[in-house]
Amino acid sequence: MAGVKQITVLGATGSIGQSSLALVRQHSERFAIHGLVAGKDFNRLAALAHEFKPKIIGIHDQTSLPALKELVSTLDCQLVAGEVACSEIAAMPVDRVIAGISGLAGLPSVMAAVSAGQTVAIANKESLVSAGAVVTREAILSGAHILPIDSEHNAVFQCWNGWKGHQSTDKTNGKMTELSHICLTASGGPFLTLPIGEFAAITPATAVRHPNWVMGHKISVDSATMMNKGLEVIEARWLFDLKPSQIDVLIHPEQAVHGLVYFCDGSIIAQMGVADMRTPISYAMAWPDRLDWKPEPLDLAAIANLTFTQVNPDRFPCFTLARHALVAGGIAPAVLNAANEVAVEAFLAGKIGFLDIVRIVDSCLSKDLVGDLTTIEAVCAIDQTAREHARKIVASR
């Protein structure tokens, strides 16, 4: 097994975790699983443990521990439960930690991995949106590497040859002065051409039908409102140490181009590929190399035309709120993320309408909430305050 990369997967039963494990399954000669962490799905976690034979598995939901323990009783692996114990798994030395837990629930394990100086392939954008300053500061102190898994940020990572800004404070070596700006692309989601007057009738069932990607319900709704792209803009600010004015977004329905880097000499480098999360995940797993996982080639002749348009703020007001929160700085991005998670959950549960999502987030941003972002505990405190305010609004509706 010499030379085989040891991998820990946080959020093993989710979409990012499943795609990551599919690559491990396909390339067992290059990767082995050290640890697996899941939230509540103990049945699937047990099945994965039997398949990949990790040294340790963890489940956040402590009530699931007895059932999980019985299912893996024949395996020679350590079993833990609870947030603290699962975060300790993230800190155990491995070659790569896949941070695939969704929402701010993934922040403690991300922080544990970063504090331990791990190489973290991060798909948990909420950690950087709400606590970007804390996480990136800790990465510099610990020497951790943060590799993006989101397809757009991974595209920028690939295009920006020579970039070392995710680690180094030496902006000369990082060639920061060569950059003009970056551009993330967006599909526009399922309602790109739907008349705005019909938005009030949008149901959860239609909102989760993304035209290009197979994702969880929450992120699918975020794509429909384009809040997801707004969160990615905030994430890019921390990943690449850029000013808000240096991060652009274009709607690109074909989703052949995932990200572009504009240089000071007028050159533009774009990353292209099929809409498959295994491409960015494989790059983060194999970095600085590439992994030949036999992907479907991008057929440009079949696509024929590539179109790009600006984001319409009337159609996607959530995106505008996210940009405003980034410019405002301070606790605004954390409040934005918390309020959005509550609003989307309420929408999926049928408690509010589609248009109420932006109203609730806007109301929370307008509220005179106080807090700071100096520690993870402080971030969680403002997150909780914003959630409580959002829940009150939901209840009032």
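Everything below is about the structure shown above.
Since we're looking at a predicted model, the values are computed, not measured. (Residues numbered from 1 in each chain as written. Predicted model: local features only at pLDDT ≥ 70, side-chain atom pairs only at ≥ 80, totals over all residues. Heavy atoms only, no water.)

## Some points on the pattern of salt bridges
Side chains that differ in sign of charge can pair as their charged atoms come close.
Right, on to step 1. The full count for this structure, using the stated rule, is 14 salt bridges.
Right, on to step 2. Between Asp41 and Arg44 there is a salt bridge whose closest N-O contact spans 3.8 Å.
Right, on to step 3. Under the relative-accessibility criterion, Arg44 is labelled partly exposed at 39%.
Right, on to step 4. Measuring nitrogen to oxygen at the nearest pair gives 2.8 Å for the salt bridge that ties Glu232 to Lys229. Of this pair, Glu232 and Lys229 both sit in helix H10 (residues 227–240), 3 residues apart, which is roughly one turn of the helix.
Right, on to step 5. When salt bridges that share partners are traced, they join Glu126, Lys218 and Asp222 into one network. (Salt bridge = Lys/Arg side-chain N within 4 Å of Asp/Glu carboxyl O. Buried < 20%, exposed > 50% of the residue type's maximum accessible area, 1.4 Å probe, protein only. Helix = DSSP H or I, 4+ residues; strand = E, 2+ residues; numbered from the N terminus.)

## So, the packing of helix H4 (residues 83–91) against helix H5 (residues 107–115)
Right, on to step 1. In contact at an axis separation of 7 Å, H4 and H5 are set at 35 degrees when each is read in the N-to-C sense. In this structure, H4 crosses over H5, and the sense of that crossing is right-handed. Across from Glu83, Ser87, Ala90 and Ala91 in H4, the residues of H5 making contact are Pro108, Ser109, Ala112 and Ala113.
Right, on to step 2. Residue composition of the contact of H4 with H5, grouped by class: 5 nonpolar, 2 polar and 1 charged. (Axes fitted to C-alpha atoms, helices over the stretch in contact; angles between N-to-C directions. Left-handed = near helix turned anticlockwise from the far one by under 90°. Contact = heavy atoms within 4.5 Å. Nonpolar A, V, L, I, M, F, W, Y, C, P; charged D, E, K, R; others polar.)

## A look at the pairing of strand E10 (residues 257–263)
Along any regular strand the residues' side chains alternate between the sheet's two faces.
Right, on to step 1. Across the 7 residues of E10, 7 count as buried, placing the element largely inside the fold.
Right, on to step 2. Strand direction decides the pairing type here: strand E8 (residues 179–186) and E10, joined by 5 bridges, are antiparallel. Its bridge partner lying in E10, His181 is registered against Tyr262.
Right, on to step 3. The pairing of E10 with strand E11 (residues 268–272) spans 5 bridges and is classified as antiparallel. (Pairing = 2+ DSSP bridges.)

## Description of the nonpolar core
Soluble globular proteins tend to bury their nonpolar side chains together.
Right, on to step 1. Core analysis: the biggest nonpolar cluster contains 92 residues, and Val135, Ile182, Leu336 and Ile357 have the highest contact counts within it.
Right, on to step 2. When residues no more than four places from it in sequence are discounted, the contact partners of Leu336 are Met227, Leu231, Ile234, Leu321, Ala322, Ala325, Val361 and Leu365.
Right, on to step 3. Core analysis: the second largest hydrophobic core is formed by 37 residues, Ile7, Ala46, Cys77 and Met285 among them. (Core = buried A, V, L, I, M, F, W, Y, C linked by side-chain atoms within 4.5 Å.)

## A look at the pairing of strand E2 (residues 31–38)
Right, on to step 1. In terms of burial, E2 is largely enclosed, as 8 of its 8 residues are buried.
Right, on to step 2. As judged from the 6 bridges shared by strand E1 (residues 5–10) and E2, these two strands associate in the parallel manner. Bridge assignment links Leu10 to a residue of E2, and that residue is Val37.
Right, on to step 3. Handedness of the β-α-β unit built from E1, helix H1 (residues 15–26) and E2 comes out right-handed.
Right, on to step 4. The parallel pair E2 and strand E3 (residues 56–59) is bridged by helix H2 (residues 42–52), and the resulting crossover is right-handed. (Right-handed = clockwise from strand over helix to strand, strands pointing away.)

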